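Observations on the three-dimensional arrangement
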Amino acid sequence: MATEQAECGKLETYLQTLGHTLDRFLTFQHPDAMHEPARWRAVLERPLPAFGIGVDAVMEEMTRYLIPNGSAIPNPGCTAFITTGATTVGALATLAGAVASPQRLSLNAFNFLEEQSLEWLAELLQLPPAMKGLYSSGGSVANLVALGAARQHAFETVGIDPARHGVRGAARLYASSASHHSIRRAAAVLGLGRDAVVTIATDAEGRMIPAALEQQLERDRDQAMVPVAVVANAGTTDTGAIDPLQAIGTLAHRYAIWFHVDGAYGLPGILDPEVSPLYAGLELADSVIVDPHKWLGAPVGIGATFVRDRALLQRAFTQEASSYLERACTQETAQHSMDSLGIPYSDFGVELSAPSRGAVVWALLREIGAGGLRARIRRHNAMARQLAERADAHPDLEVLQRPTLSICCFRYVNAAYPDLDALNARIHRALVRQGRHIPSTTVVNGRLAIRPCFLGARTGPDQAQALVDEVLALGARFTQGPEPDTHNSGTMPDIER
Ligand SMILES: *Cc1c(COP(=O)(O)O)cnc(C)c1O
């Protein structure tokens, strides 16, 4: 049936169907899943519809073909990504915002929670009291915004407004070799250039070496280059290493350079008393980021940047006055939600239209509180440590990097098997195909590691144990009998499926 009219109500009916389908999806039994991508593609791949099929038919396709063939990420055994499956209240709050507050602007209750939840996050994560926040789509944009503030600060110091006039001359950013690639991209987008990022060496534990940073800063001191920021990691993406923040922050201050801390993944680790001392020096930061869509379990699309001075963000990112956005009233005199846009978040970052993310973070923290989040983080960190202990005790396993947070990099070893990188790559491929436990791999000090990151609200100690059991079983299978035929090493025997 063709229809010209979009359904604009009946959410009660459709949400019941949707909820039923999503609950079923989350059992990970996938009763309707079509395991070969070619099968669901055959159903979904269509030309642009000239006429609509109506909401009921769309819901039918969504529940039968789309949702059952969704991502492996929410599966508690999927430990490959740092982003994770959303918890229920975060998904509900996202939907609530999409319907009831499609923009974070204007003086409505969602807008109020934007600021309150940022303040909660700052307090929860023990940021310097003066720090103010801004939500964006995730860690990459959060880093871009923070480094935008750093760029503004650094160039203003030498008498240039980079947002107005553009960047003049060469700039420098200092980041460790374990930094996230979004740092380099931010340098590119901000007009500093990828090559402005100077890579500082890390130690065997993946932490920036302060002496190497100092040497570089000393070497650059008399160069005609604008030092924009020193970037430290509070939890690297690869291994969860935490850079020595105190030493790096002290150096940044001594050389009068902006100190940025990327805590997209690892900042919430500060809630675990076993590792919280590693965060000493966080109070020296000029900017900090964290991703609520990682450890907090928010639906993907929420990062947060914190800076000491949002006026600096405004100078860096203002879109300048636009007549249709002008509002006569201040927040105090406003009578109606549309009398004022509220805090001008759209002038602090790169998004104008943006969802109400604060309500999602509010809902997550209201549901489980700081105590609930702390319990989750301690559970995940303990899982990584227990995995390491088990690997230490087992002759066929080796820990390649001691866990700092919830990542454990380990591998299967066998004395008769020379190419352990190939063996572990083969084990990893087989794990992915079996689909119950999906870690990623990474390279630690030149050696291929199996890398689970325990982070999902659904992921508990059973997953860590079962993952190790599967690695041991696969390793034993692949190392029994003769060496694999090297001519065939690129292909996957059926037995591994
Ligand atoms: C995940 C991550 C990012 C990027 O975050 P996105 O939300 O994926 O854009 C940046 N830095 C670190 C340390 C991360 O772990």
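Residues numbered from 1 in each chain as written. Predicted model: local features only at pLDDT ≥ 70, side-chain atom pairs only at ≥ 80, totals over all residues. Heavy atoms only, no water.

Concerning the side chain of threonine 63
Keep this limit in mind: In this description a helix means any DSSP run of H or I spanning at least four residues, a strand means any run of E spanning at least two, and both kinds are numbered starting from the N terminus. Any pair of nitrogen or oxygen atoms within 3.5 Å is treated as a polar contact; in protein, a donor-acceptor pairing is required on top of that, and neighbouring residues in sequence qualify only through side-chain atoms on both sides. The contact criterion used is simple: two residues touch if any of their non-hydrogen atoms lie within 4.5 Å.
Looking at where threonine 63 falls in the secondary structure, it is placed in helix 3 (residues 55-66). At 3.2 Å, the side chain of threonine 63 forms a polar contact with the backbone oxygen of glutamate 60. Not counting residues within four places of it along the chain, the set of residues in contact with threonine 63 comprises Thr17, Thr21 and Pro68.

Details of the site of the ligand
Here is the rule we go by: Residues are classed as near a molecule or strand on a simple rule: at least one heavy atom within 4 Å of it. Calculation of accessible area relied on Shrake-Rupley with a 1.4 Å probe; when residues are assessed, cover is drawn exclusively from the protein chains displayed.
Inspection of the region around the ligand gives 15 residues, with Gly139, Ser140, Asp262, Asp291 and Lys294 positioned closest. Within the backbone of glycine 139, a nitrogen or oxygen atom sits 2.7 Å from an oxygen atom of the ligand. In this structure, an oxygen atom belonging to the ligand sits 2.9 Å away from a side-chain N or O atom of threonine 237. For the ligand, the accessible surface in isolation is 380 Å², of which the surrounding protein chains cover 86%. The leading source of residues in the shell around the ligand is helix 6 (residues 139-157), at three residues.

As for the environment of alanine 204
Test applied: Exposure is judged per residue with a 1.4 Å probe applied to protein chains only, and the accessible area is read against the type maximum: over 50% gives exposed, under 20% gives buried, and values in between give partly exposed.
Positionally, alanine 204 belongs in the loop between strand 3 (197-200) and helix 9 (210-220). Alanine 204 gets classed as partly exposed once you look at its relative accessible area, which sits at 48%. Separated by 168 residues in the primary sequence, alanine 204 and glycine 372 place their C-alpha atoms 33 Å from one another. Setting aside chain neighbours within four positions, we find alanine 204 in contact with Gln401 and Asn445.

As for the pattern of salt bridges
We apply this condition: A pair is scored as a salt bridge if a Lys or Arg side-chain nitrogen falls within 4 Å of a carboxyl oxygen belonging to Asp or Glu.
On inspection of all chains with the given rule, the structure shows 23 salt bridges. For glutamate 156, the salt bridge goes to arginine 315, with nearest N and O atoms at 2.7 Å. With glutamate 156 in helix 6 and arginine 315 in helix 11 (residues 310-317), the pair connects residues that are 159 residues apart, well separated along the chain. Overall, the relative accessible area of 38% leaves arginine 315 in the partly exposed class. Arginine 164 serves as the salt-bridge partner of aspartate 161, at 3.9 Å between the closest nitrogen and oxygen.

A closer look at the sheet that holds strand 5 (residues 258-262)
Cut-off, in case you're wondering: Here, any two strands with at least 2 DSSP bridges between them count as paired. Note on method: axes are straight lines fitted to C-alpha atoms, helices fitted across the in-contact stretch only, with angles between N-to-C directions ranging 0 to 180 degrees.
Across the sheet, which stays open at both edges, the seven strands sit in the order 1-7-6-5-4-2-3 with mixed pairing between neighbours. The two strands at the open ends of the sheet, each matched to only one other strand, are strand 1 (132-136) and strand 3. For this sheet, the mean angle separating the axes of adjacent strands, direction not counted, is 20°. Bridge count between strand 2 (residues 170-176) and strand 3: four bridges; the pairing is parallel. Considered in strand 3, the bridge of leucine 173 is made with valine 197. Running over the sheet, helix 5 (residues 109-124) touches strand 1 and strand 7 (303-307) and is turned about 115° from strand 1.

A word on the domain arrangement of the protein
Basically, it comes down to this: Those domain boundaries reflect an automatic or database domain assignment. Here the quantity called buried area is the total loss of accessible area, with a 1.4 Å probe, experienced by two parts when brought into contact, counted for both. Amino acids are sorted into nonpolar (Ala, Val, Leu, Ile, Met, Phe, Trp, Tyr, Cys and Pro), charged (Asp, Glu, Lys and Arg) and polar (every other residue, Gly among them).
When cut into domains, the protein gives domain 1 (89-365) and domain 2 (369-478). Inter-centroid distance (C-alpha atoms) of domain 1 to domain 2 is 31 Å. Across the contact, 29 residues belong to domain 1 and 24 residues belong to domain 2. Summing the contributions of domain 1 and of domain 2, the shared interface buries around 2,100 Å²; its carbon and sulfur component is 56%. One can count three salt bridges joining domain 1 with domain 2. A salt bridge links aspartate 272 to arginine 385; its shortest N-O distance comes to 3.9 Å. Here domain 1 and domain 2 share 13 residue pairs in polar contact (both at pLDDT 80 or more) between them. Broken down by class, the residue content of the side of domain 1 that touches domain 2 amounts to 15 nonpolar, nine polar and five charged.

Examining the environment of leucine 455
Relative to the helices and strands, leucine 455 resides in the loop between strand 11 (447-451) and helix 14 (461-479). Distance in space between the C-alpha atoms of leucine 455 and leucine 267 is 13 Å, their sequence separation being 188 residues. Dropping the residues within four chain positions of it, leucine 455 is found in contact with Ile82, Thr83, Thr84, Tyr265, Lys294, Trp295, Arg376, His380 and Ser406.

So, a nonpolar patch on the surface
Condition: Patch construction takes residues with relative accessible area above 30% that form no salt bridge. Like charges are linked within 9 Å, and nonpolar side chains (Val, Leu, Ile, Met, Phe, Trp, Tyr) are linked within 5 Å.
A cluster of nonpolar side chains, contributed by Leu11, Leu15, Leu95 and Val99, occupies part of the molecular surface with about 300 Å² of accessible area. Going through the elements one at a time, helix 1 (11-25) and helix 4 (88-100) are the ones with two or more residues in the nonpolar patch. Its location among the elements puts leucine 15 in helix 1.

A look at the nonpolar core
How we decide: Nonpolar cores were defined as sets of buried Ala, Val, Leu, Ile, Met, Phe, Trp, Tyr and Cys residues, with membership established by side-chain atoms within 4.5 Å.
Residues Leu121 and Val228 are the most contacted members of the largest nonpolar core, which totals 92 residues. Excluding anything up to four places from it in sequence, leucine 121 contacts Tyr135, Pro292, Leu296, Ala304, Phe306, Val361 and Leu365. Counting 26 residues, the second-largest nonpolar core is a separate cluster that includes Tyr412, Ile427, Ile450 and Leu474.

Describing the environment of leucine 423
Relative to the helices and strands, leucine 423 resides in helix 13 (residues 420-434). By relative accessible area, which is 0% here, leucine 423 ends up buried. The contact partners of leucine 423, leaving out residues within four places of it in the chain, are Tyr412, Tyr417, Phe478 and Thr479.

What to know about the packing of helix 12 (residues 358-393) against helix 14
Spelled out, the test is: Geometric relationships in this document are graded by angle, where less than 35 degrees denotes roughly parallel, more than 145 denotes roughly antiparallel, 65 to 115 denotes roughly perpendicular, and other angles denote oblique. Crossings are sorted by hand: turned counterclockwise from the far helix by less than a right angle, the near helix makes the crossing left-handed, and turned clockwise it makes it right-handed.
Where helix 12 contacts helix 14, the axes come no closer than 9 Å and their chain directions differ by 30°. It follows from the interaxial angle that helix 12 and helix 14 lie roughly parallel. For the element pair helix 12 and helix 14, the recorded crossing hand is right-handed. Residues Arg379, Met383, Leu387 and Arg390 of helix 12 form the contact with helix 14, whose participating residues are Pro461, Ala464, Gln465, Val468, Asp469 and Leu472. Residue classes in the contact of helix 12 with helix 14 are distributed as six nonpolar, one polar and three charged.

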